[in-house]
Amino acid sequence: MKRWSNDLSASGRWYVMPMERSNSQQRPPGPEGHASFDFSLEQPGTYGLQALVLAPTQDDNSFWVRIDDRPWIQWTSITPSDAWQWSDVRDAGDGHSSVEVDLSAGKHRLVFAYREDGTMLDQVALRKR
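Residues numbered from 1 in each chain as written. Predicted model: local features only at pLDDT ≥ 70, side-chain atom pairs only at ≥ 80, totals over all residues. Heavy atoms only, no water.

Q: How should the overall build of the chain be read in this particular structure?
A: Helix and strand counts for the chain come out as zero helices and twelve strands. Tracing the chain from N to C terminus, the helices and strands come up as β-β-β-β-β-β-β-β-β-β-β-β. The C-alpha atoms of the chain give 14 Å as radius of gyration, which agrees with the globular expectation for 129 residues (14 Å, within 12%). Projected onto its principal axes, the C-alpha coordinates of the chain cover approximately 40 × 30 × 25 Å. Counting over 129 residues, the chain shows a buried share of 43%. Expressed as a percentage of contacts within the chain between residues at least 6 apart in sequence, the contacts between residues at least 24 apart total 74%. (Helix = DSSP H or I, 4+ residues; strand = E, 2+ residues; numbered from the N terminus. Rg over C-alpha atoms; globule rule 2.2 N^0.38 Å. Buried < 20%, exposed > 50% of the residue type's maximum accessible area, 1.4 Å probe, protein only. Contact = heavy atoms within 4.5 Å.)

Written as structure tokens, this is what we have:
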């Protein structure tokens, strides 16, 4: 993933996106195509996952998402927009349902990987259900 800083409407002007022509629709790319976020939870529970994204077209509107060592989720069909929008992470393999994950207290890792080269990621949020 490549880091960009030229969008004043992004948080602190920073966001990540893949390099041009970096598409990986059949399987997640290697670690060079990942943006990882380490976090720690004080309370175990069920958490929903949201992200602030910009998906410019129907052909550039998806990511791979993974929490810890769990299977990769194909997050496809992010609503295209020319502005940043908060969106629930949805699992294409589960009827595009919003992702909810049971997490223990302690350390975890959230990973976003590119799937289509034009989709941009600004922020992520876990929300306890």
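Continuing now.
Q: Explain the pairing of strand S5 (residues 63-67) here, please?
A: When a strand is regular, its side chains alternate between the sheet's two faces. Among the five residues of S5, four are classified as buried, and the element is accordingly described as predominantly covered. Strand direction decides the pairing type here: S5 and strand S6 (residues 73-75), joined by three bridges, are antiparallel. Counted as the bridge partner of Phe63 is Trp75 from S6. Hairpin connection, S5 to S6: the antiparallel pair is bridged by five residues, and Asp68 has positive phi, about 55°. Direction of pairing for S5 relative to strand S11 (residues 106-114): antiparallel, over a ladder of five bridges. Paired with Val65 across the bridge in S11 is Phe112. (Pairing = 2+ DSSP bridges.)

Q: Would you take a moment to explain the side chain of Ser22 for this structure?
A: Checked against the element boundaries, Ser22 lands in the loop between strand S2 (15-17) and strand S3 (34-41). You can call Ser22 buried: its relative accessible area is 13%. Sequence-distant contacts of Ser22, defined by excluding residues within four places in its chain, comprise Tyr114, Glu116 and Asp117.

From the geometry alone we can't say anything about function, so treat these as descriptive.
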